[in-house]
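Below, each chain spelled out in residue letters.
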Amino acid sequence: MVEGFRAENTAAAARVWAVGALVRAIADTLQARFNPAAVRGEISGFARAASGHCYFSLKDAQGQIRCAMFRRAAQGLDFSPVEGDLVEVQGRLDVYGPRGDLQFIVESLRRAGQGALFEQFLRLKAQLEAEGCFDPARKRPLPPLPTSIGVVTSLGAAALRDVATALARRVPHLPVTLFPASVQGVQAPGELCAALDAAFAQHRATGAPAVLLLVRGGGSLEDLWAFNDPAVVRTLTRAPMPVVCGVGHETDFTLCDFAADLRAPTPTAAAELCAPARADLLATLDWLDERLQRAAHDGLDLRAQQLDRLGARLGRPSGRLTQGQRQLQALQASLGHAVQLGLERRRLGLQRLAERLPPSVTRHLQGSRQRLDHAGQSLALLDPALVLQRGYAWLTDEAGHAITQVAQAQPGQAVRAVLADGELGLKVERLTARH
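Residues numbered from 1 in each chain as written. Predicted model: local features only at pLDDT ≥ 70, side-chain atom pairs only at ≥ 80, totals over all residues. Heavy atoms only, no water.

Under an unreviewed UniProt entry, the protein has the name Exodeoxyribonuclease 7 large subunit and belongs to Hydrogenophaga defluvii. In UniProt, the protein has this text filed under Sequence similarities (unreviewed entry): "Belongs to the XseA family." (UniProt positions renumbered as here; feature names shortened; annotations may be inferred.)

Peer 1: Mind laying out the sheet that holds strand β6 (residues 149-153), listing which residues take part and the relevant values?
Peer 2: An order of β7-β6-β8-β9-β10 is seen for the five strands of this open sheet, with the pairing classed as parallel. Both outer strands of the open sheet, β7 (176-180) and β10 (262-263), are each paired with one neighbouring strand and no more. The pairing of strand β8 (residues 211-216) with strand β9 (residues 243-247) spans five bridges and is parallel. Across the sheet, residue Leu212 finds its bridge partner in β9, namely Val243. Here helix α5 (residues 158-170) sits on the sheet in contact with β6, β7 and β8, set at roughly 165° to β6. (Pairing = 2+ DSSP bridges. Helix = DSSP H or I, 4+ residues; strand = E, 2+ residues; numbered from the N terminus. Contact = heavy atoms within 4.5 Å. Axes fitted to C-alpha atoms, helices over the stretch in contact; angles between N-to-C directions.)

Peer 1: Lay out the pattern of salt bridges with the relevant residues and their values.
Peer 2: Summed over all chains, the structure comprises 13 salt bridges. A salt bridge links Arg140 to Asp261; its shortest N-O distance comes to 3.0 Å. Pair noted here: Arg140 is in the loop between α4 (115-130) and β6 and Asp261 is in the loop between α8 (255-259) and β10, with a separation of 121 residues, a long-range link. A residue is classified by how much of its surface remains accessible, and Asp261, at 10% relative accessible area, is buried. The partner of Asp257 in a salt bridge is Arg263, with the nearest N and O atoms 3.6 Å apart. Given a relative accessible area of 5%, Asp257 falls into the buried group. (Salt bridge = Lys/Arg side-chain N within 4 Å of Asp/Glu carboxyl O. Buried < 20%, exposed > 50% of the residue type's maximum accessible area, 1.4 Å probe, protein only.)

Peer 1: So what about the nonpolar core? Which residues, and what values?
Peer 2: If you look at the biggest cluster of nonpolar residues, it comprises 37 residues, and the most contacted ones within it are Leu192 and Leu212. Of all the secondary-structure elements, those providing two or more residues to this core are α4, α6 (188-206), β8, α7 (230-236), β9 and α8. In terms of residues, this core owes the most to one element, α6, which gives seven residues. Ignoring sequence-local partners within four residues, the contact set of Leu192 consists of Val152, Ala181, Ser182, Val183, Leu214, Ala226, Phe227 and Val232. (Core = buried A, V, L, I, M, F, W, Y, C linked by side-chain atoms within 4.5 Å.)

Peer 1: Outline the UniProt feature "domain: OB-fold nucleic acid binding" (unreviewed entry) in the protein, listing residues and values.
Peer 2: Using the residue numbers shown here, the UniProt feature "domain: OB-fold nucleic acid binding" (unreviewed entry) corresponds to residues 18-109. Note that residues 18-109 is 21% helix and 48% strand, and that its end C-alpha atoms are spaced 35 Å apart.

Peer 1: Requested: an account of helix α2 (residues 19-33), with residues and values cited.
Peer 2: End to end, α2 covers 21 Å across 15 residues, agreeing with the expected 21 Å (1.5 Å per residue, within 8%). Within α2, the full set of buried residues consists of Val23, Ala27 and Leu30. The buried residues of α2 occupy one face: seen down the axis, they fall within an arc of 60°. Of the residues in α2, the exposed ones pointing more than 90 degrees away from the buried face are Arg24, Asp28, Thr29, Ala32 and Arg33. Contact partners of the buried residues in α2: β4 (86-96) and β5 (101-111). (Expected span 1.5 Å × (residues − 1). Arc of directions from axis to C-beta.)

Peer 1: Please set out the layout of surface pockets residue by residue, giving values where relevant.
Peer 2: Of the volumes computed, that of the largest pocket is approximately 590 Å³. As for the largest pocket, its lining consists of 21 residues, of which Phe79, Arg111, Thr251, Asp252 and Phe253 are closest to the centre. The greatest single-element share of the lining of the largest pocket, amounting to four residues, is contributed by α4. Here the lining of the largest pocket is composed, by residue class, of eleven nonpolar, five polar and five charged. (1 Å grid on protein atoms, 1.4 Å probe; cavity = no way out; pocket = protein on both sides within 12 Å on 5 of 7 lines; lining within 4 Å. Points joined across faces, edges and corners; volume = space filled by probe spheres on them. Nonpolar A, V, L, I, M, F, W, Y, C, P; charged D, E, K, R; others polar.)

Peer 1: Before we move on, can you summarise the sheet that holds strand β13 (residues 423-427) with the specific residues and values?
Peer 2: Taken in spatial order, the three strands make up an open sheet running β11-β12-β13, and their pairing is antiparallel. In the strand order of this sheet, the two ends are held by β11 (394-396) and β13, each with one partner. If you compare each strand with its neighbour and ignore which way they point, the axes differ by 30° on average. Examined bridge by bridge, strand β12 (residues 414-418) and β13 share five bridges and lie antiparallel to one another. Following the sheet pairing, Val415 is matched in β13 by Leu426.

Peer 1: Describe in detail a nonpolar patch on the surface, supporting the description with residues and values.
Peer 2: Together, Leu282, Leu285, Trp287 and Leu288 make up an exposed nonpolar region whose accessible area comes to about 400 Å². Mapping Leu285 onto the fold places it in helix α10 (residues 278-314). (Patch = residues over 30% accessible without salt bridge, like charges linked within 9 Å, V, L, I, M, F, W, Y side chains within 5 Å. Areas by Shrake-Rupley, 256 points an atom, 1.4 Å probe, with all protein chains shown as cover.)

Peer 1: Before we move on, can you summarise the environment of Lys427 with the specific residues and values?
Peer 2: Within the secondary structure, Lys427 is located in strand β13. Its relative accessible area of 58% is what places Lys427 among the exposed residues. The sequence separation of Lys427 and Gly412 amounts to 15 residues, and the corresponding C-alpha distance is 5.9 Å. Those residues within four positions of Lys427 in sequence are excluded, and the remaining contacts are Gly412, Gln413 and Ala414.

Structure representation (structure tokens):
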């Protein structure tokens, strides 16, 4: 009796909540006690709605929590989350009132354990992009039929086996040169730079390899970090031949992918991009050979038809010969008549010229004689002796240069005066210029 009474008393003392009020009270308690919060876990059931909002769960071995990431925050994602990704989210705990579900409102999401490294990746990408390492203008097309191929990767890498298998299947006739280097670890960037430089030097010296493959299998961001090293990227931009970068899986990206002339999703794809299948090339050759033979046969048939038509037009040789003789006789008669007519015209022309020649010659001689007399009279009028006979004199210095101005003489200078009947030697007493 006593125990029953106490239970009834306790129940009577408990507060009765309205459902909505209790949910709001729980939400307020969560807000005051936990928010803002950061959670680390694996993504499960990730879905992006048509509205742009994202819904998923975060879980670990001990539990899980529903998450909602609204469109405004989802637009800032720099990767596509997939099932099993280990991530870190920041946001706030809340209670979804209509169902009373506890949920985490995500404000930001990034890969767990790779956040700082990924931020470093973005900083390096911006720096190298500013240097022009990713400039599309420096990208070169791959040769359609390379004569040799180079491969930079590790000797023990699975990527090397994949590339070798693909090249042996598609282009077994091409020489392949391996430039070994570590693809992971502290020593990897230096060895990759050395291997690239060796490939560049061999190409400059011999022209081979005509195209270079930089390959490595998949891995985490840390595993692939050697291909984000600035020294490796800058070395890659100095390549004298086209470079195909096939590092990681299709979803993996490294800075070498942006610097290479072409990015391949996998090492095998890199080999296939630069090595057209031998079977395809042989099929193309067969098709071209068939077209060539068909064109040759068609050309021979056309020439045969033309020959037949020309033979029909030619007819019997004797008939053509008789026709040619008649044409020759007609031409010969026409030629004789034309020669006689031409000679008669030339004879009449010469006769008319002979009749016109004597009067023309007489008139020409008379005109020439009159012009000669007129010129002689004009020349006599210009004779300096006539001027001297009128009392003028011609002054020269001792060298025979004419003196026409006062400024050409000096006091005491000896000058010569030429008169009509002789010369006088004079001496300048004074100079008087007329202004």
